[in-house]
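Reading the structure
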Amino acid sequence: MLDPVILFFIFGLSAGLLRSELRLPPAIYDLVSIMLLLTIGMKGGIELAKQPFLELLPQMLAVIGLGILLPLIAFPLLRYLGRFSRVDAASIAAHYGSVSMGTFAVAVAYMSARGIYYEEQMPLFVVMLEIPAILVGIVIAKGFSKQTNWAQVGHEVLLGKSIILMIGGLLIGWIAGAEQLASIKPLFFDLFKGILALFLLEMGLITSKHVGSLKKYGLFLIVFGISMPMLSAVLGAATGCLLGFSVGGTAMLAILAASASYIAVPAAMRISVPEANPTLSLAASLGITFPFNVVIGIPIYYAMAEYIHAFFGA
Amino acid sequence: MLDPVILFFIFGLSAGLLRSELRLPPAIYDLVSIMLLLTIGMKGGIELAKQPFLELLPQMLAVIGLGILLPLIAFPLLRYLGRFSRVDAASIAAHYGSVSMGTFAVAVAYMSARGIYYEEQMPLFVVMLEIPAILVGIVIAKGFSKQTNWAQVGHEVLLGKSIILMIGGLLIGWIAGAEQLASIKPLFFDLFKGILALFLLEMGLITSKHVGSLKKYGLFLIVFGISMPMLSAVLGAATGCLLGFSVGGTAMLAILAASASYIAVPAAMRISVPEANPTLSLAASLGITFPFNVVIGIPIYYAMAEYIHAFFGA
Amino acid sequence: MLDPVILFFIFGLSAGLLRSELRLPPAIYDLVSIMLLLTIGMKGGIELAKQPFLELLPQMLAVIGLGILLPLIAFPLLRYLGRFSRVDAASIAAHYGSVSMGTFAVAVAYMSARGIYYEEQMPLFVVMLEIPAILVGIVIAKGFSKQTNWAQVGHEVLLGKSIILMIGGLLIGWIAGAEQLASIKPLFFDLFKGILALFLLEMGLITSKHVGSLKKYGLFLIVFGISMPMLSAVLGAATGCLLGFSVGGTAMLAILAASASYIAVPAAMRISVPEANPTLSLAASLGITFPFNVVIGIPIYYAMAEYIHAFFGA
Amino acid sequence: MSDNIKKLLTIVTEAALENILVKDIERLGAQGYTITDARGKGGRGVRNAAWDANGNIRIEVISDAAIAGQIASHLKETYYANYAMILFMSDVEVIRPEKF
Amino acid sequence: MSDNIKKLLTIVTEAALENILVKDIERLGAQGYTITDARGKGGRGVRNAAWDANGNIRIEVISDAAIAGQIASHLKETYYANYAMILFMSDVEVIRPEKF
Amino acid sequence: MSDNIKKLLTIVTEAALENILVKDIERLGAQGYTITDARGKGGRGVRNAAWDANGNIRIEVISDAAIAGQIASHLKETYYANYAMILFMSDVEVIRPEKF
Ligand SMILES: Nc1ncnc2c1ncn2[C@@H]1O[C@H](COP(=O)(O)O)[C@@H](O)[C@H]1O
Ligand SMILES: Nc1ncnc2c1ncn2[C@@H]1O[C@H](COP(=O)(O)O)[C@@H](O)[C@H]1O
Ligand SMILES: Nc1ncnc2c1ncn2[C@@H]1O[C@H](COP(=O)(O)O)[C@@H](O)[C@H]1O
Ligand code: NA
Ligand code: NA
Ligand code: NA
């Protein structure tokens, strides 16, 4: 059965498509995302504190490699099959190399509702995956051009709102630990799924605005928006399996790989590759991939992880 | 004793009358109403799932009839006793035929604090009552004029923010059921009364701004703002008793009938009957009827329901 | 160990100093402060209901005396040691005579995390301390000048947002009592520390903007911003001990005395003593004293209270 | 007068009219518009934006004089009688006149 | 110059002054005003509206030239020395000149 | 023309550009600026501010004609091709001309 938070997404999407006047105030959208990011970060930090950091290094490198690989695969598909301009192809590729916080949050809810264990370092990987794809996207679009203000790009990427909240949450969770954080649990942990429901309601409303622009850009984007995540999920699951993760962890990495950014990457591309058309990449990542992933994709990727483990797993 | 949420209303009202600078940001007012509407809808939906829909049809028709009847009673009182212009009388009548979500939320809190059972379909009736009064109001004001853009009116009314949130909540509750919704309970159900308190604080502040304009429109509006809800409550209670509702359900229908809209109807009238003076109807519904109902009315209407049941009930 | 809510302050401060784009929407800052103020008020009101009001009168007078004394001590230090202009010295003195709600909220969390008892009337004292310092500051700056619109000052001070919320909360708590308020406990009481964490995150971000202006105003302000609260804490602790308070209550009064306003007083001074430079006082109270108090000061003041009790206590 | 000079028409009115006015403005030929939220006071009293029903919006439209005139007179006829609304016009110099 | 031409006076200043300025403006004879929230930078530094104490407002007043001049000089004398504030004026064409 | 007359340059563009534009404007010599949040529609479609990526800002800069011209042409060259942006200018009378 569908998780009820997905019903909120579908409700928002329908209300938007029916042109209802419903909308969440931007300040509430901000609050809700801030809280989700902090909570995800803290959850990860609490778990990370339990294990030696050095053991994570090879995993982190593998995940960064994945984040570099994904846009390099997406780019030629978009450029030569999709016949997009160089900058547009590069920008969309960066979106698909990076991750979506909302998808990750739904996956966290999915796993915990089913009591599935996954490796605790996932939130760390979210941060690791978010960054390299942006840099690769810029380099593909512009080469190692001197025109690019790399200091500014770095600042934009590392200190962007979502990365900094997640890192902040990670550190707070790491330093304080579960016991100390008990006093703020009622707000950040107990309300997590309710807040996720509000977030998905708003995401549904926003998505509905992007469904329209899909018509303009045609079939290729729709096909790409579904098949690229499937391909990425396979690579993510393979990486997870190679790193010796549990089925849950393997599925999580598949989900992360399959998800496409719609917050950090659009903001970075707008500043660094302004020639790219932002409607194009948002139509794909928000209009197709996000709904596909949260409604249908997550169980598929989980099945994928089970399958890989059954055949190749330890 | 007064429910503590009513104390928040009185606090807001006093702060406003004292011209304090206190005010809730509009985004918070929006958040708080969105959450109340979703929760009320979900509560109703969960219960509705337990009974066959077809049995509700006759009840729904009766409630729609009530929604048509109430403005038809209010209009001549306003037009001939109150000497209001045709459009003003029609607009105020529409407000009193429709319902107030805030009053309903306070009633829900009142019943649950006392452990009083009421029929679960009430949220459905809220939707049923909200709509016909608006249409009747427009027809009284303008006749079946060709000038009225009925498609637009229909859109405005059915897809207006409060209706769509309540319908969305109803559907989510219906589909998911109580068990599935347990994960979002901490936000939507456990915080319900706290959020209602914040809402009533803001309603108190808003009400205080409308008390002033009452002076301008004089005694009739005050008398009407108290006696019309009493009359409506009698009709509502009678309908509830005829439909075979429990005492709680009968009281709820009386309360719904007694309440006057201050969100959906003003918005619809502003667009469809712009000649009507909006301060007039808000002064009555917000400045008189809302405070009367939440502070004094609800226990009276409950006593009314008990009385009717004692004399005429099954 | 640091309370985790302090980690949120440090996180916000760091993010701000790193020039991250993170910021809470103003509407959220408002919501969060409204909820803290109401909760603190209600907590106090619940406890106050348990004791005869008349017994509090002498204590209230003593606290008002403290609120008059503190700016009278701060002013000559600022004027003659710090060489500030008369109006600037008066304005800063008013800030240090008054109190900081945020500091008080952190102290409440500190005490309750350690299970330390303190007298329940503290929220009442917060209100008592907030007001006299403003009046003293205005009189020092302008004399009993006829130019000052005292009616307006009174309105500004007594009906300012933070005072009215706290008084409203006090009254609601007093009238309703703990049992009645159980229904809104999940929002206002259970989420208190989580909401305090969000508040401190934002305070960190705001503080970071004021650290910069410290450089301009040099060493004296830094020294003053640390030593004045220490001095005030001694006087506050002495008052608490003389009034026969417990160690916790003595510490609380020391903390209140040590804290410096950054909401009510700046607003009042801007209108009543516009010649004073607002950056100056905010740099001291927000840039120095607030972080010092919440991170380091509170445990020191608690130790101070223990010490005083050990030597002079009953 | 150079081609670069266009009319800036500013409308301050009730927020409830936003959707309808935007359609009117586009239908009458304007190529764009800019909206900000506002509050204020005028002949129809204080509109302090404390809640939905009570806010203003401020709409700016840049266009040639003919279109601006048409929009202005349409609004005047349709809404002045029943809504809180003011409008005023001035000349502005634009950079890409073909856009407006 | 036609009757339709009025003065548009725009004031950008600290949000804390809103209540006071509104009273001044009405007392000096203006029939209305429009306010939007703003942020900015000027001689008194950055005012980025991150929190209450630090936001700007932008007030527009349409009136005849005499009243606009009186408001401008009153504000200049009363507030320029101690508050972040700028003001500027221009001519605008209005539709119902009797309203202003 | 008196000393009191300055140029008011108004820019409406994507919110994402705020930080960059503010630096440009200061570098090119303006003494200040005022920003309000906005939404709107133009050649690059509807920008309804429903979420971060989609809002507009409205920047006003008062300066002498030379600086205004420089800012306008810098923005035109740098951003017009790839961003939703319009700009327009008019004359305004200021009170303390030395400030701008
Ligand atoms: N003289 C004025 N100057 C500036 N804005 C005004 C003026 N008169 C009215 N307004 C604005 O226009 C709105 C509607 O005006 P009215 O229809 O006169 O109530 C008011 O709420 C104000 O925001
Ligand atoms: N040259 C300018 N152009 C546009 N707005 C300005 C300018 N100078 C100042 N402002 C605005 O007016 C406010 C107060 O200015 P000031 O008193 O110079 O600090 C600033 O915060 C800005 O919002
Ligand atoms: N004719 C116009 N009148 C007023 N504002 C406009 C106009 N055209 C564009 N705008 C504003 O400028 C922004 C960018 O315009 P554009 O680059 O044409 O998409 C739009 O989102 C509108 O807010
Ligand atoms: Na991806
Ligand atoms: Na009714
Ligand atoms: Na103090």
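Look up a bit, the structure's there.
Calculation criteria
Position labels on residues start from 1 in each chain and follow its written sequence. Chains carry letters from A onward and ligands carry numbers from 1 onward, assigned in written order. A pLDDT threshold of at least 70 governs which residues receive local features in this predicted model, and a stricter bar of 80 or more applies before side-chain atom pairs are shown or counted, although totals over entire chains, interfaces and linings include all residues. With hydrogens and water set aside, each side-chain value is computed from the structure's full complement of heavy atoms. A helix here means a DSSP run of H or I that spans at least four residues, while a strand means a run of E at least two residues long, and both kinds are numbered starting from the N terminus. It is over C-alpha atoms that the radius of gyration is taken, and the globule rule equals 2.2 Å times the number of residues to the power 0.38. With a 1.4 Å probe rolled over the protein chains alone, any residue whose accessible area is under 20% of its type maximum counts as buried; one over 50% counts as exposed, and the rest are partly exposed. Here a residue-residue contact requires only that any non-hydrogen atoms of the pair lie within 4.5 Å. Surface exposure here means Shrake-Rupley accessible area, sampled with a 1.4 Å probe, where a residue is shielded only by the protein chains that are shown. Donor atoms (N, O, S) are those found within 2.8 Å of the metal centre, with the cutoff raised to 3.2 Å for Na, K and Ca; water is not part of the atom list, so apparent gaps in a site can occur. All axes here are fitted lines through C-alpha atoms, helices being fitted over the stretch that makes contact, and every angle between N-to-C directions spans 0 to 180 degrees. Under this scheme an angle from 65 to 115 degrees is roughly perpendicular, one under 35 degrees roughly parallel, and one over 145 degrees roughly antiparallel; angles in between are oblique. Handedness of each helix crossing follows the sense of rotation of the near helix against the far helix: counterclockwise by less than a right angle gives left-handed, clockwise gives right-handed. Superposing the copies works by least squares over the C-alpha atoms of residues that have pLDDT at least 70 in both of them. Buried Ala, Val, Leu, Ile, Met, Phe, Trp, Tyr and Cys residues that are joined via side-chain atoms within 4.5 Å together make up what is termed a nonpolar core. Working definition: residue near molecule or strand if any one of its non-hydrogen atoms lies within 4 Å of it. What qualifies as a polar contact is a pair of N or O atoms within 3.5 Å, subject to a donor-acceptor requirement within protein and to the restriction that residues adjacent in sequence count only when both atoms come from side chains. Expected span, for any helix, means 1.5 Å times one less than how many residues it has. The salt bridge definition used is simple: a Lys or Arg side-chain nitrogen within 4 Å of an Asp or Glu carboxyl oxygen. Buried area: the accessible surface (1.4 Å probe) lost by two parts on joining, summed over both. Lys, Arg, Asp and Glu make up the charged group, whereas Ala, Val, Leu, Ile, Met, Phe, Trp, Tyr, Cys and Pro make up the nonpolar group; the residues left over, Gly among them, are polar.

Along its length, chain A carries 13 helices and 0 strands. The order of α-helices and β-strands along chain A, N terminus first, is α-α-α-α-α-α-α-α-α-α-α-α-α. Over its C-alpha atoms chain A spans a radius of gyration of 18 Å, differing by no more than 12% from the 20 Å that the globule rule assigns to 314 residues. Burial status across chain A gives 65% buried among its 314 residues. Of all intrachain contacts in chain A linking residues separated by at least 6 positions in sequence, the fraction that spans at least 24 positions is 87%. Accessible area of chain A: about 11000 Å², with a carbon and sulfur share of 68%.

We now examine the coordination of the sodium ion (ligand 4). All names here are of chain A. Note on the sodium ion (ligand 4): its protein donors are Tyr-96 (O), Ser-98 (O), Ala-257 (O) and Ser-259 (O). The metal-donor distances range over 2.4 to 2.5 Å. Expressed as a motif, the donor residue spacing for the sodium ion (ligand 4) is Y-x1-S-x158-A-x1-S. Of this pair, Ser-98 sits in the loop between α4 (86-97) and α5 (101-113) while Ser-259 is found in the loop between α11 (247-258) and α12 (264-272), placing the two residues 161 residues apart along the sequence. The exposure class assigned to Ser-98 is buried, which follows from its relative accessible area of 0%.

Residue and element names in this part refer to chain B. One can describe the packing of helix α2 (residues 26-48) onto helix α5 (residues 101-113) by two numbers: an axis separation of 11 Å at closest approach and a directional angle of 55 degrees. The pairing of α2 with α5 is recorded here as oblique in orientation. Judged by the sense of rotation from one axis to the other, the crossing of α2 with α5 is left-handed. For the pair formed by α2 and α5, the contact residues are Leu-37, Ile-40 and Lys-43 on the first element and Met-101, Phe-104, Ala-105 and Val-108 on the second.

To continue, consider the relation of the copies chain A and chain B. Under the fitted operation, chain A is carried onto chain B by 0.0 Å of movement along the axis and a turn of 120 degrees, and the coordinates agree to an RMSD of 0.0 Å. In short, the pair behaves as if placed about a three-fold rotation axis. Ranked by how close their C-alpha atoms come to the rotation axis, the residues of chain A are headed by Ala-27 of chain A, at 3.8 Å. Comparing interface residues between copies, only 11% of those in chain A also lie at the interface in chain B; the contact surfaces differ.

Right, let's talk about the nonpolar core for a bit. Phe-188 of chain A, Phe-188 of chain B together with Phe-188 of chain C are the most contacted members of the largest nonpolar core, which totals 393 residues. Those residues in contact with Phe-188 of chain C that lie beyond four places of it in its chain are Phe-8, Gly-194, Ala-197 and Leu-198 of chain B together with Met-35, Leu-38, Thr-39 and Met-42 of chain C.

Turning our attention to the side chain of Glu-18 of chain E. Mapped onto the secondary structure, Glu-18 of chain E falls in helix α1 (residues 18-27). For Glu-18 of chain E, a relative accessible area of 18% gives the class buried. What Glu-18 of chain E contacts, discounting residues up to four positions off in sequence, is Arg-39 of chain D together with Ile-35 and Ile-57 of chain E.

Further remarks concern the site of ligand 1. Surrounding ligand 1, one finds 20 residues, the nearest of these being Gly-43, Arg-44 and Asn-56 of chain D together with Thr-34 and Lys-99 of chain E. More than one chain approaches ligand 1, the contributing ones being chains D and E. Note that an oxygen atom of ligand 1 is positioned 2.8 Å from one of the backbone N or O atoms of Arg-44 of chain D. In the complex, the protein chains occlude 99% of the 480 Å² of accessible area that ligand 1 would expose alone. Ranked by residues supplied to the shell around ligand 1, first place goes to strand β2 (residues 33-42) of chain D with 4 residues.

This part takes up helix α5 (residues 101-113) of chain C. Residues and elements named next belong to chain C. Here α5 is 13 residues long and its end C-alpha atoms lie 18 Å apart, about the 18 Å a rise of 1.5 Å per residue gives. Counting buried positions over the 13 residues of α5 gives 11, a clear majority of the element. Residues Met-101, Gly-102, Thr-103, Phe-104, Ala-105, Val-106, Ala-107, Val-108, Ala-109, Tyr-110 and Met-111 constitute the buried set of α5. Following α5 by one or two positions, Gly-115 has its phi on the positive side, about 60 degrees.

As enumerated under the stated definition, the model contains 36 salt bridges over all chains in all. Of the charged contacts, one joins Glu-47 of chain A and Lys-50 of chain A as a salt bridge, the two residues approaching to 3.1 Å between their closest N and O atoms. Take Lys-50 of chain A: its relative accessible area is 61%, and that puts it in the exposed class. Arg-270 of chain C is the salt-bridge partner of Glu-14 of chain E, the closest N and O atoms lying 2.8 Å from each other. Of this pair, Glu-14 of chain E sits in strand β1 (residues 5-14) while Arg-270 of chain C sits in helix α12 (residues 264-272), on two different chains. Overall, Glu-14 of chain E belongs to the buried group, its relative accessible area being 4%. Residue classification places Arg-270 of chain C among the buried positions, given a relative accessible area of 7%. Each of Arg-58 and Glu-60 of chain D, Arg-58 and Glu-60 of chain E together with Arg-58 and Glu-60 of chain F takes part in salt bridges that share partners, so that together they form one network.

What follows deals with the arrangement of the chains. Nothing in chain C touches chain D; the tightest C-alpha to C-alpha distance between them is still 13 Å. Nothing in chain B touches chain F, and the closest approach of their C-alpha atoms is 13 Å.

Listed per partner, the contact involves 27 residues of chain A and 26 residues of chain B. Taken over both partners, the interface formed by chain A and chain B buries close to 2100 Å², and the fraction arising from carbon and sulfur atoms is 82%. Viewed at the interface, chain B and chain A are joined by 0 salt bridges. Connecting chain A to chain B are 2 residue pairs in polar contact (both at pLDDT 80 or more). When the residues that make up the side of chain A that touches chain B are grouped by side-chain class, the tally is 19 nonpolar, 2 polar and 6 charged.

Around ligand 3 sit 20 residues in total, of which Thr-34 and Lys-99 of chain D together with Gly-43, Arg-44 and Asn-56 of chain F are the nearest. The residues that come close to ligand 3 belong to more than one chain, namely chains D and F. One of the backbone nitrogen or oxygen atoms of Tyr-33 of chain D is found 3.3 Å away from an oxygen atom of ligand 3. The contact in question runs from an oxygen atom of ligand 3 to an N or O atom on the backbone of Gly-43 of chain F, over 2.6 Å. Taken by itself ligand 3 offers 480 Å² of open surface, and the protein chains cover 99% of this. Contributions of two or more residues to the shell around ligand 3 are made by β2 and β4 (56-63) of chain D together with β2 (33-42) and β5 (85-94) of chain F. For the shell around ligand 3, the leading source of residues is β2 of chain F, giving 4 residues. When its residues are assigned to classes, the shell around ligand 3 shows 8 nonpolar, 6 polar and 6 charged.

So, on to the coordination of the sodium ion (ligand 5). Residues and elements named next belong to chain B. The sodium ion (ligand 5) binds to the protein through Tyr-96 (O), Ser-98 (O), Ala-257 (O) and Ser-259 (O); the donor distances cover 2.3 to 2.5 Å. Read N to C, the donor residues that coordinate the sodium ion (ligand 5) are spaced as Y-x1-S-x158-A-x1-S. Of this pair, Ser-98 sits in the loop between α4 (86-97) and α5 while Ala-257 sits in helix α11 (residues 247-258), and the two are 159 residues apart along the sequence. Across this residue pair, the class does not change: Ser-98 and Ala-257 are buried.

What follows is about the packing of helix α1 (residues 4-17) of chain A against helix α8 (residues 161-180) of chain B. Contact geometry of α1 of chain A with α8 of chain B gives a least axis separation of 10 Å together with a crossing angle of 160 degrees. With respect to α8 of chain B, the axis of α1 of chain A lies roughly antiparallel. The element α1 of chain A and its partner α8 of chain B pack so that their crossing is right-handed. In this structure, α1 of chain A contributes Pro-4, Leu-7, Phe-8, Phe-11 and Ala-15 of chain A to the contact, and α8 of chain B contributes Ile-164, Leu-165, Gly-168, Ile-172, Ile-175, Ala-176 and Gln-180 of chain B.

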